[in-house]
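# Analysis of the macromolecular model
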Amino acid sequence: MKQIIAMIQPHRLESVEQALHHMPHLPGFTLLQGRGHPRGQGSDHAFIPTEWNPDAHDRIVLMMFCEDALAQSLVDTIRQAAYTGNAGDGLIAITHVESLVRIRTGEQDDAAV
């Protein structure tokens with residue numbers, strides 16, 4: 001089982017949601033508002049004084065759990081829908097989940113997705 005966390009630009013959210021809803025099996029997802037500080041553009045990714053703009057770093061954090069076989073297609077769908085080609089498009093992380101339990105039913109692991 002995998003956990004997928006995607007940090008995307010807020011203006012790409014509708015596109016990402018629509019793309020995910022067109023998938024044959026969507027396990028569901030959670031959205032969170034986030035604010036971040038990207039790596040700097042100076043040498044060794046240091047910040048340079050002219051690049052700091054605190055209003056430019058709002059992000060949407062999308063989080064979901066899925067079966068291993070579905071993870072790559074979800075990542076590909078998110079990446080394609082979130083892509084603008086500009087710096088700051090975001091990141092997608094895929095991690096292994098050891099166990100998952102649905103609170104309401106007690107279902108575990110893949111059955112809980």
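This text follows the structure it describes.
So, here is what we can say about the structure in this document. (Residues numbered from 1 in each chain as written. Predicted model: local features only at pLDDT ≥ 70, side-chain atom pairs only at ≥ 80, totals over all residues. Heavy atoms only, no water.)

Time to look at helix H2 (residues 68-82). Each α-helix turn comprises 3.6 residues. Residues three or four places apart therefore point the same way. Between its first and last C-alpha atoms H2 spans 22 Å; for 15 residues at 1.5 Å apiece the expected length is 21 Å, and the two agree. Turning to H2, its buried residues number three or more, namely Leu70, Ala71, Leu74, Val75, Thr77, Ile78, Ala81 and Ala82. End-on, the buried residues of H2 take up no more than an arc of 165°, which puts them together on one face. Pointing more than 90 degrees away from the buried face of H2 are the exposed residues Ala69, Arg79 and Gln80. Each element contacted by the buried residues of H2 is listed here: strand E1 (2-8), helix H1 (13-21), strand E3 (58-66) and strand E4 (90-96). (Helix = DSSP H or I, 4+ residues; strand = E, 2+ residues; numbered from the N terminus. Expected span 1.5 Å × (residues − 1). Buried < 20%, exposed > 50% of the residue type's maximum accessible area, 1.4 Å probe, protein only. Arc of directions from axis to C-beta. Contact = heavy atoms within 4.5 Å.)

It is worth spelling out the environment of Ile94 at this point. Relative to the helices and strands, Ile94 is located in strand E4. As for Ile94 and Gln72, which are separated by 22 residues in sequence, their C-alpha atoms are 9.0 Å apart. Once residues within four sequence positions are removed from consideration, Ile94 is found in contact with Lys2, Gln3, Ile4 and Val75.

Read from one edge of the open sheet, four strands run E2-E3-E1-E4, paired in antiparallel fashion. Taken across any chain shown, the strands that pair with only one partner, and hence form the sheet edges, are strand E2 (30-35) and E4. Each strand of the sheet is rotated relative to its neighbour by a mean of 20°, with strand direction disregarded. Note: E1 against E4, seven bridges, orientation antiparallel. Across the sheet, residue Met7 finds its bridge partner in E4, namely Leu91. Strands in contact with H1 are E1, E2 and E3; relative to E3, the strand with the most contacts, it is inclined by about 15°. Lying over the sheet, H2 contacts E1, E3 and E4, oriented at roughly 5° with respect to E1. (Pairing = 2+ DSSP bridges. Axes fitted to C-alpha atoms, helices over the stretch in contact; angles between N-to-C directions.)

What follows deals with the pairing of E3. One face of the sheet, then the other: side chains in a regular strand alternate in exactly this way. As paired elements, E1 and E3 share seven bridges and run antiparallel to each other. By the bridge assignment for E3, Met7 is matched with Val61. Across six bridges, the pairing between E2 and E3 is antiparallel. Within E3, the residue paired with Thr30 across the bridge is Met63.

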